[in-house]
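Overview (structure and organization)
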Amino acid sequence: MQIRAAVLEEFGEPLVVQEVELADPEPGEALVRLVACGVCHTDLYTASGADPSGYAPTVLGHEGAGVVEAVGEGVTSVAPGDHVVTLFSPQCRECEHCRSPRTNLCLAIREQQNQGYLPDGTARLSRDGEPIRHFMGASTFAEYTVAPEIALANVSRDAPLEHACLFACGLSTGLGAAMFTAKVEPGSTCVVFGAGMVGLGAVAGCRLQGAERIVCVDLSEDRLELARGQGATDTWTADADTVQRVLDETRGFGADYTFEATGLVSVMRQAVESARMGWGLCTVAGVAGKGETLDVVPRYLITGRRVCGSSFGGVKGRDQVPQLVQRYLDGDIDVEPFVSHRLTLDDVNRGFELMEAKDGIRSVIDF
Ligand SMILES: NC(=O)c1ccc[n+]([C@@H]2O[C@H](COP(=O)([O-])OP(=O)(O)OC[C@H]3O[C@@H](n4cnc5c(N)ncnc54)[C@H](O)[C@@H]3O)[C@@H](O)[C@H]2O)c1
Ligand SMILES: [Zn+2]
Ligand SMILES: [Zn+2]
C-alpha cells in the first residue's frame, strides 16, 4: 500500500514527508494504523547525524500508538481492532533475558533491529523498489507501519492514543526507572535530576511507590512546576552545590534513591554522590554523548552506594506497558501535562525545533 511517511534522507537535513510503499505483514508481524506519535530526542539524535550507528534513508519515529489493521501468519497476541503501543524494546517472552526477571533487554531481534530491518532481515518499507530501513523496529512517523508482534503492547481500548503513545518511550522509561529498576521502597527519600519526560516520569514513579520525599532538580522553573504536579515534594534549581544540599538535608547521609535523567555525565556524577552511604542506589537513565565517561571516586562505592543503568525503565514491554496504561486510566498518572504541542505529520520538523528550543515536554503528532 502507499502511505505518507517522514523520511530521513540526509543527516542534518529536515525530514521529507512523502509517499512510500509499505508491504503486507509477514509471519509474526502486524500492520498498525498510527493514531498518535510523540517526538523524542532519539529521533532528533539520529536525524542530526550525531548517532554513529544511524542510517538513512529511514522512516523515523518510535513513540507510536495506533490500531492493528491486519496480522501476518501465526500472530496470536494482537488482532485487528486492538489498540497497541509500539515497543523499541521488544519482549519475545522466550529468550534467556525475557525468561529472567532481572532484565528487560530482549535478545530476539536486536541485530536486525539495530540495522533497520524486521526480524527476517528485510524491510517492508520501500520507494521505487529500493528498500527504506525501519527505525528502532517502529518507524512511526507514518500513517501505517508494520512491526513484529513482539514489539507491540496490547493496551486498553479505553486509553486515548494521544496519551498512550507517551508510554512507548520517555514516560515508561521514567516510571519504570523508579518502579522496576530501582524498586523504590515506601517512605524513601528520592532525588531526580532532570525534569524532562524521563525525569518527570521518574518523579511520578517514586510517588506511586510511596516515596516520602521526592526532590526534583532542573534548570527550568517551568519544568519544576510540572514536577510538583507529578508529586515532587521539593523542587530545586540545579547548581554545582546540589550534592551538598542533598547531604545537608539528609543528616549528612544522602538520598535512598537518586535518578539521573539529563544525559550529562557531570550530572550522573552528582547523582552518584547524592546517593546515601550504606545503601543508596543511583539509577542512570540518561544517554551520554559518544565517548563520554562517568567519573566516580571508588570510595563512594566501597561505602555502600550502588550505580545501575536503566534502559526503557526496565519495563518488560508487552507485560508491563499495558499495566502502566491501566494505572493511567485508574487516575494514578496524569499524562495530559506532558503533551505540550499537537502537530500534523507535515509539521514533524517543527517538533524537532520545539524540542531544540526546550519548548514543552512532548510534541505529539496526530494522524
Ligand atoms: N534509558 C532509556 O531507555 C532512555 C529512553 C528515553 C530517553 N533517554 C534519555 O534520557 C535523558 C532525558 O530524556 P528527556 O526526554 O527527559 O530529555 P529532556 O532534554 O527533555 O530533559 C532533560 C532535562 O535535564 C535538565 N537539565 C539540564 N542540565 C541539568 C543539570 N545540570 N541539572 C539538572 N537538570 C538539568 C534540562 O533542563 C531538562 O529539563 C536523555 O539523555 C535521553 O536520551 C533514555
Ligand atoms: Zn524515545
Ligand atoms: Zn526476548
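In what follows, the accompanying structure is described. Small disclaimer: the values here were computed from a predicted structure and weren't measured.

Rules used in this analysis
- Residues numbered from 1 in each chain as written.
- Chains lettered and ligands numbered in written order.
- Predicted model: local features only at pLDDT ≥ 70, side-chain atom pairs only at ≥ 80, totals over all residues.
- Heavy atoms only, no water.
- Axes fitted to C-alpha atoms, helices over the stretch in contact; angles between N-to-C directions.
- Helix = DSSP H or I, 4+ residues; strand = E, 2+ residues; numbered from the N terminus.
- Parallel < 35°, antiparallel > 145°, perpendicular 65-115°, else oblique.
- Left-handed = near helix turned anticlockwise from the far one by under 90°.
- Contact = heavy atoms within 4.5 Å.
- Nonpolar A, V, L, I, M, F, W, Y, C, P; charged D, E, K, R; others polar.
- Salt bridge = Lys/Arg side-chain N within 4 Å of Asp/Glu carboxyl O.
- Buried < 20%, exposed > 50% of the residue type's maximum accessible area, 1.4 Å probe, protein only.
- Donors = N, O, S within 2.8 Å, 3.2 Å for Na, K, Ca; no water.
- Tetrahedral: all angles 85-135°; square planar, octahedral: opposite > 155°, others 65-115°.

This part is about the packing of helix α5 (residues 170-181) against helix α6 (residues 197-208). Put simply, α5 and α6 touch, their axes get as near as 7 Å, and they point 40° apart. As summarised for this structure, α5 and α6 are arranged oblique, according to the angle between their axes. The element α5 and its partner α6 pack so that their crossing is right-handed. Between α5, through Gly170, Leu171, Thr173, Gly174, Leu175, Ala178 and Met179, and α6, the contact on the second element is made entirely by Met197, Val198, Gly201, Ala202, Ala204, Gly205, Cys206 and Leu208. The class makeup of the residues in the contact of α5 with α6 is 10 nonpolar, 5 polar and no charged.

A few words on the pattern of salt bridges. Applying the stated criterion across every chain, the model contains 18 salt bridges. For aspartate 120, the salt bridge identified is with arginine 124, shortest N-O distance 3.1 Å. Look at aspartate 120 and you get partly exposed, because its relative accessible area is 46%. Notably, a salt bridge pairs glutamate 273 with arginine 269, separated by 2.9 Å at the nearest N-O pair. Here arginine 269 and glutamate 273 lie together in helix α9 (residues 265-274), a separation of 4 residues that amounts to about one turn.

Let us look at the coordination of the zinc ion (ligand 3). Coordination sphere of the zinc ion (ligand 3), protein contribution only: Cys92 (SG), Cys95 (SG), Cys98 (SG) and Cys106 (SG), at 2.3 to 2.4 Å. Coordination at the zinc ion (ligand 3) comes from 4 donor atoms whose angles at the metal span 105 to 120°, giving a geometry best classed as tetrahedral. Motif for the zinc ion (ligand 3), donor spacing along one chain: C-x2-C-x2-C-x7-C. We note that cysteine 92, like cysteine 98, is buried.

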